[in-house]
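If you want the building blocks of each chain, they are given just below.
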Amino acid sequence: MTPYTYQRGETISLALDAITGDPAQVSAISAAMKAVPPGRSEAPASAPISASFTVAARPALGNDPAGWTLTIPALVSASLSPGAYVADAWLEVAGGVIVTDSVAIRLRQSVSA
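Residues numbered from 1 in each chain as written. Predicted model: local features only at pLDDT ≥ 70, side-chain atom pairs only at ≥ 80, totals over all residues. Heavy atoms only, no water.

**Student:** Residue-level account of the overall build of the chain, with values.
**Tutor:** Scanning the chain from terminus to terminus reveals one helix and nine strands. Listed by position from the N terminus, the elements making up the chain come as β-β-β-β-β-β-α-β-β-β. The C-alpha radius of gyration computed for the chain amounts to 15 Å, which stays within 12% of the reference 13 Å derived for 113 residues, consistent with globular compactness. Across the 113 residues of the chain, 28% fall into the buried class. Within the chain, contacts between residues separated by at least 24 positions form 62% of all contacts whose residues are at least 6 apart in sequence. When the accessible surface of the chain is summed, it comes to about 6,900 Å², and 56% of that surface belongs to carbon and sulfur atoms. (Helix = DSSP H or I, 4+ residues; strand = E, 2+ residues; numbered from the N terminus. Rg over C-alpha atoms; globule rule 2.2 N^0.38 Å. Buried < 20%, exposed > 50% of the residue type's maximum accessible area, 1.4 Å probe, protein only. Contact = heavy atoms within 4.5 Å. Areas by Shrake-Rupley, 256 points an atom, 1.4 Å probe, with all protein chains shown as cover.)

**Student:** Tell me about the nonpolar core, and please be specific about residues and values.
**Tutor:** Generally speaking, nonpolar side chains in soluble globular proteins are found buried as a group. Ile12, Met33, Phe53, Trp68, Leu70 and Ile105 are the most contacted members of the largest nonpolar core, which has 20 residues in total. At the level of secondary structure, the elements contributing two or more residues to this core comprise strand E2 (12-17), strand E3 (26-36), strand E6 (67-72), strand E7 (83-93) and strand E9 (103-108). Among the elements that line this core, the one with the most residues is E7, at four residues. When residues no more than four places from it in sequence are discounted, the contact partners of Met33 are Ile12, Ile49, Ser50, Ala51, Phe53, Ile72, Leu80, Tyr85, Val86, Ala87 and Ile105. (Core = buried A, V, L, I, M, F, W, Y, C linked by side-chain atoms within 4.5 Å.)

Structural measurements only, silent on function.
Below, the structure written as structure tokens:
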């Protein structure tokens, strides 16, 4: 999977689109990321959460579907080590829990910071 690349100290922001179903049926949502050890493509299940995203609902706009914006603030990003991470989200709906596919995130050290 191709990673989304950010620099330490930069706001990490991801869009989670509600491409099927009614987003109003989602009763709770949480998202987090974990570090991926060197030489691996996934974080071990027992790895601690490196950072949790704040989640903000967003309405449909033009051709963009409704969904959520997942954000890790710049101050939190600055405290993370450079390297590879994976993130996913848990959505609670009337029928149970939906876990999104993981996305890869690469955090680089900034030249200017």
